[in-house]
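Structure assessment
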Amino acid sequence: MIVPDYQGGSIVNLMSSIIRARGGGTDYPCLRLLPPGEIADSTNILLLVLDGLGANWLASRSPDGILSRRLLGSITSVFPPTTAAAVTTFLTGDAPQQHALTGWYTYLRELGCVMAVLPGNPRYGGVSYRKAGIDPTRLFAHRVVSDRIATRSSFVSPNYIAHSDFNLAHLGCAELRPFESLHDMFRQAVRAVRAGRDRKYLYLYWPRLDAIGHEQGMKSAAAAAHLAEIEQALEAFLVDLTGTDTSVLVTADHGQIDTTAADCIDLADHPELSRCLALPLCGEPRAAFCYVRPGLARAFERYCQEALAETLELWPSDRLMADGLFGLGEPHPRLAERIGDYVLLMRGNCVIRDWLPFESRFEHIGVH
């Protein structure tokens, strides 16, 4: 496990540098690689997040591409290093310690169920937040980046998520520009940059590489081909920005590793472990949060330490919070509720999955 460096080497510190460069305040140190003074005088600051682009994978697949040639250095993500937690950091400027979204599946006690927090559906299915009469802005109550800075901002988002409950709850006062394709994303960004000479912040999010990794693996030819497509489009984009005084920052939210069927542990094959749980496994397949039934903690610990010792590490959740894995400073009042009693940290390339009755099963090759 790579421990996030919240003291100056994490994506939350990158956001601190951006927020301070645009006249806002933050509680986290700035990124050591990018002091805010280096970008503060730019008319436009543009952050492009390439979902799933890990530093090691980039170095192996495109050592001579534009991203490697202009690399400032490697930074860490957050814990857990997954889209739900990391993208929320990009949208708020806070670590999971403060925003308390801890994985694709998060137990929201105030709603009484496990939610797929980004699409906003209960894990068992059903309607999204607003259709259920829930205001996601009030539910999350996050400070969003666009409201923390002193300049205008634009969010350039994929069409299929641009108007989602989660996205709109984190939009704040930013202008929203949906796009349909990679080239359309860059076209919308150029239009936003050239829409006036005032100082601006732009946030671009590209999810396709992550999706290819899940479906075909990061070692696939499709993933390498798509990286080449991204880098070619990025080079053209930088030419289109000539004369606009724009600082372009490119980063990822997390990386991926490839797994096989042999790496997957199905909770159904471990009924002694399953009977100890009060809720389905939450979080992520490589960092699973466990809610243990009263009186069964010892049995739960014993099974993990004896039957599954070669595939996972068992940690009390409060220990990881005390050790600063989720972030620094005062925790969100609901963070403890959302990380359960224990965390299963998977060894090697192992994953653990817990399927609900009638849930459509899927296989991800690339995992966070």
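I will try to describe carefully the structure that is included in this document.

**A short note on the overall build of the protein chain**
Summing up its helical and strand segments, the protein chain has 15 helices and 16 strands in all. For the protein chain, whose C-alpha radius of gyration is 20 Å, the value lies close to the compact-globule estimate of 21 Å for 368 residues. In terms of principal-axis extent, the alpha carbons of the protein chain reach across some 65 × 45 × 40 Å. Of the contacts formed within the protein chain by residues at least 6 apart in sequence, a portion of 70% connects residues at least 24 apart. Of the roughly 16,000 Å² of accessible surface on the protein chain, 51% is carried by carbon and sulfur atoms. Here the protein chain contributes 34 positively and 41 negatively charged side chains, and the mean placements of these two sets differ by 4 Å.

**Remarks on the pattern of salt bridges**
When the charged atoms of two side chains lie near each other, side chains of opposite charge can form a pair. A full pass over the atoms with the stated rule returns 19 salt bridges. We note a salt bridge from R338 to E110, for which the minimum N-O separation is 2.7 Å. Of this pair, R338 sits in the loop between α15 (317-322) and β14 (342-346) while E110 sits in the loop between β2 (105-108) and β3 (113-116), placing them 228 residues apart in sequence. The closest approach of N and O atoms between D184 and R187, which form a salt bridge, is 3.2 Å. Of this pair, D184 and R187 both sit in helix α10 (residues 182-193), 3 residues apart, which is roughly one turn of that helix.

**Considering helix α11 (residues 208-216)**
If you check which residues of α11 are buried, you get L209, D210, I212, G213 and H214. The inward-facing, buried residues of α11 abut α2 (55-61), α4 (83-92), β7 (200-206), α12 (221-240) and β16 (366-367). The positive-phi residue at the C-terminal boundary of α11 is G217, with phi of around 95 degrees.

**Some remarks on unusual backbone geometry**
Put simply, F79 and P80 share a cis peptide bond, and its omega is -10 degrees. Looking at the secondary structure, you find P80 in the loop between α3 (66-69) and α4. Positive phi, close to 70 degrees, is recorded for F358, a residue that is not glycine. Within the element layout of this structure, F358 appears in the loop between β15 (351-353) and β16.

**Some words on the pairing of strand β1 (residues 44-50)**
Counting buried positions along β1 yields 7 of 7 residues, so the element is predominantly enclosed. Alternating residues of β1 divide into N44, L46, L48 and L50 and I45, L47 and V49, and every residue in both groups is buried. Pairing analysis gives 7 bridges linking β1 to β7, with the strands arranged parallel. What sits directly across from L46, in β7, is L202.

**Focus on the side chain of T26**
Here T26 is to be found in the loop between α1 (11-21) and β1. Side-chain polar atoms of T26 contact the side chain of S16, separated by 3.3 Å. Apart from residues no more than four positions distant in its own chain, T26 is found in contact with S16, I19, R20 and R148.

**Here's the deal with the sheet that holds β7**
A sheet is described by the order of its strands in space; here 5 strands give the open sequence β6-β5-β7-β1-β8, paired in parallel fashion. Whereas interior strands pair on both sides, the edge strands pair on one side only; in this sheet they are β6 (175-179) and β8 (246-251). Put simply, the sheet's adjacent strands are angled 15 degrees from each other on average, direction ignored. Sheet topology places strand β5 (residues 152-158) next to β6; 5 bridges connect them, and they run parallel. Its bridge partner lying in β6, V156 is registered against R177. Contacts from α4 reach β1, β5, β7 and β8, with the element oriented near 165 degrees to β7. Set on the sheet, α12 makes contact with β1, β7 and β8; between it and β1 the angle comes to about 170 degrees.

**Points about the pairing of β8**
Of the two faces of β8, only one is covered, namely that formed by S247, L249 and T251; the face formed by T246, V248 and V250 stays uncovered. Taken together, the 6 bridges between β1 and β8 define a ladder with parallel strand orientation. Counterpart to L46 in the pairing with β8 is V248.

**Let's talk about the environment of E180**
Its location among the elements puts E180 in the loop between β6 and α10. The spacing of E180 and N159 is 21 residues in sequence and 5.8 Å in space, taken between C-alpha atoms.

**Focus: the packing of α10 against α12**
Interaxial distance between α10 and α12 falls to 10 Å at its minimum, and their mutual angle equals 20 degrees. Relative to α12, the element α10 lies roughly parallel. As α10 runs across α12, the sense of the crossing is right-handed. Each of L182, H183, F186, A189 and V190 in α10 lies in contact with α12, whose residues at this interface are E229, I230, A233, L234, F237 and D240. For the contact of α10 with α12, the per-class residue count stands at 8 nonpolar, 1 polar and 2 charged.

**Overview of the state of the cysteines**
A complete count under the given rule lists 0 disulfides for this structure. The thiol of C290 is not disulfide-bonded; the next cysteine sulfur, from C304, is found 6.4 Å away.

Each value, and the rule that gives it
- Residues numbered from 1 in each chain as written.
- Predicted model: local features only at pLDDT ≥ 70, side-chain atom pairs only at ≥ 80, totals over all residues.
- Heavy atoms only, no water.
- Helix = DSSP H or I, 4+ residues; strand = E, 2+ residues; numbered from the N terminus.
- Rg over C-alpha atoms; globule rule 2.2 N^0.38 Å.
- Contact = heavy atoms within 4.5 Å.
- Areas by Shrake-Rupley, 256 points an atom, 1.4 Å probe, with all protein chains shown as cover.
- Lys, Arg positive; Asp, Glu negative; His and termini not counted.
- Charge placed at Lys NZ, Arg CZ, Asp CG, Glu CD.
- Salt bridge = Lys/Arg side-chain N within 4 Å of Asp/Glu carboxyl O.
- Buried < 20%, exposed > 50% of the residue type's maximum accessible area, 1.4 Å probe, protein only.
- Pairing = 2+ DSSP bridges.
- Polar contact = N/O pair within 3.5 Å; in protein donor to acceptor, adjacent residues only side chain to side chain.
- Axes fitted to C-alpha atoms, helices over the stretch in contact; angles between N-to-C directions.
- Parallel < 35°, antiparallel > 145°, perpendicular 65-115°, else oblique.
- Left-handed = near helix turned anticlockwise from the far one by under 90°.
- Nonpolar A, V, L, I, M, F, W, Y, C, P; charged D, E, K, R; others polar.
- Disulfide = S-S within 2.5 Å.

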